[in-house]
Amino acid sequence: MDSVPYGLLTMRGRIGQPPRPRQANQHFVLHFGDSVRLLITGGAGFIGSNLSRLALENGHDVTIIDDLSTGYEENLSGLDVRLVRGSILDPESLMQAVDGVDSIVHLAALGSVPRSIENPVASHAANATGTLLVLEAARSAGVEHLIVASSSSVYGMNPALPKSEREWVRPMSPYAVTKLASEQYPLAYQQSYGMLTTAFRFFNVYGPRQRAGHAYAAVIPTFIDALLGGESLMVNGDGSTSRDFTYVGTVCRVLLDTCERRLMHPEPVNLAFGTNTTLMQLVNQIEVTAGRSAVIEHREPRPGDVKHSQADNAVLRSLFPSIEPVPLERGLQETIAWFKEIKQ
Ligand code: NAD
């Protein structure tokens, strides 16, 4: 098999089966066509279960660690994955999960700004301490490559638009602080221990398996669920708040490509494509796609929420030149189709 040609920021690695012993700081040679043994923390959640599907479709091997606190085992139904039911805060479960893997995609976290405002200690434990424990488990098991999910919320009070990765950060919620820690630890591990890490700042990710009907649900599933159920759509503020929505299939493509190429990057990378859709534009697009009219009610803006969020995507584009994002219209079609399926 031919060796993969690498860009400046890509490190070499050997990927293959069966499991083999590793030594600290040992570098591998990556070959085309070999499967990656992936550990996806939080793999029973929205993004993790979509990534699991994509990884399996591409011939990779998937292990998941998930405590099912916000994820669902049924998200994994029919998938040939190894599931460690346990918390990343539990060292025994974590060591079991990292055993024999090539790359870790670290998604496990307690999401949501309002949840963190209600219980900052729980968010800190899962998101900040949890990331540190995952890194330590990776280090002791000799797993060199790790990707982490950070968040656009780290920009917080910075009004610059679009947000470039070198802009200053000023979190407005405990959640955003935990995400800042969870991106900076892996980046520091590059310098401290030579780990190959990449920290992605997700913006608003949406798509199938993102659930509505709970207190901390995201806006797109909440709107779709309300519309299909004949209920009013509750818009926070006047509807001019804007977001950079990214379809989950696009996010997963970037994450998998990062693992297949064992890519690392020394600074955080925005994982969004620079769109800005206001809440009212979103409502209109959902109405058109679903073929139904919505009844809209406005309520107070939520504390901790930023007014506008839009990514500068130059770094993302330079690292992943061949990945084209799924447009909002098509992503909403897929998402609405999934909601209709689960409602039957
Ligand atoms: P999700 O809640 O659907 O998935 C998170 C998963 O982590 C769940 O399955 C949950 O059970 C699991 N989990 C939580 N705490 C755990 C613990 N202590 N041990 C083991 N498993 C644990 O959320 P998601 O939307 O799929 O988000 C995935 C990641 O992306 C998170 O890190 C989140 O902060 C980040 N992110 C998501 C978005 C978005 O728009 N969805 C935006 C920014 C960042």
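None of these values were measured; they are calculated from a predicted model.

Regarding the site of the ligand
Turning to step 1, where the next piece is worked out: The environment of the ligand is formed by 29 residues, the closest being G42, G45, G71, A109 and F202.
Turning to step 2, where the next piece is worked out: Residue assignment for the shell around the ligand shows that the elements contributing at least two residues are α1 (46-57), β2 (61-66), α4 (120-141), β5 (145-151) and β7 (204-206).
Turning to step 3, where the next piece is worked out: Considering each element in turn, the shell around the ligand owes the most residues, three residues, to α1.
Turning to step 4, where the next piece is worked out: Counted by class, the shell around the ligand contains 16 nonpolar, eleven polar and two charged residues.

Considerations on the packing of helix α2 (residues 91-98) against α4
Turning to step 1, where the next piece is worked out: Running from amino to carboxyl end, α2 crosses α4 at an angle of 50 degrees, the nearest separation of the two axes being 10 Å. Between α2 and α4, the angle falls in the class oblique. The element α2 and its partner α4 pack so that their crossing is right-handed. Contact residues: α2 offers L94, M95 and V98, while α4 offers L133, V134, A137, A138 and A141.

A few points about the environment of F339
Turning to step 1, where the next piece is worked out: Relative to the helices and strands, F339 is located in helix α10 (residues 328-343).
Turning to step 2, where the next piece is worked out: F339 sits in the partly exposed class, given 19 other C-beta atoms within 10 Å.
Turning to step 3, where the next piece is worked out: Residues F339 and L107 lie 232 residues apart in sequence; the distance between their C-alpha atoms is 23 Å.
Turning to step 4, where the next piece is worked out: For F339, the residues in contact, after removing those within four places along its chain, are I224, D225 and L228.

Calculation criteria
- Residues numbered from 1 in each chain as written.
- Predicted model: local features only at pLDDT ≥ 70, side-chain atom pairs only at ≥ 80, totals over all residues.
- Near = placed C-beta within 6 Å.
- Helix = DSSP H or I, 4+ residues; strand = E, 2+ residues; numbered from the N terminus.
- Nonpolar A, V, L, I, M, F, W, Y, C, P; charged D, E, K, R; others polar.
- Axes fitted to C-alpha atoms, helices over the stretch in contact; angles between N-to-C directions.
- Parallel < 35°, antiparallel > 145°, perpendicular 65-115°, else oblique.
- Left-handed = near helix turned anticlockwise from the far one by under 90°.
- Contact = placed C-beta atoms within 7 Å.
- Buried ≥ 20, exposed ≤ 12 C-beta atoms within 10 Å, placed from the backbone.

Purely spatial values, then, with no claim about function.
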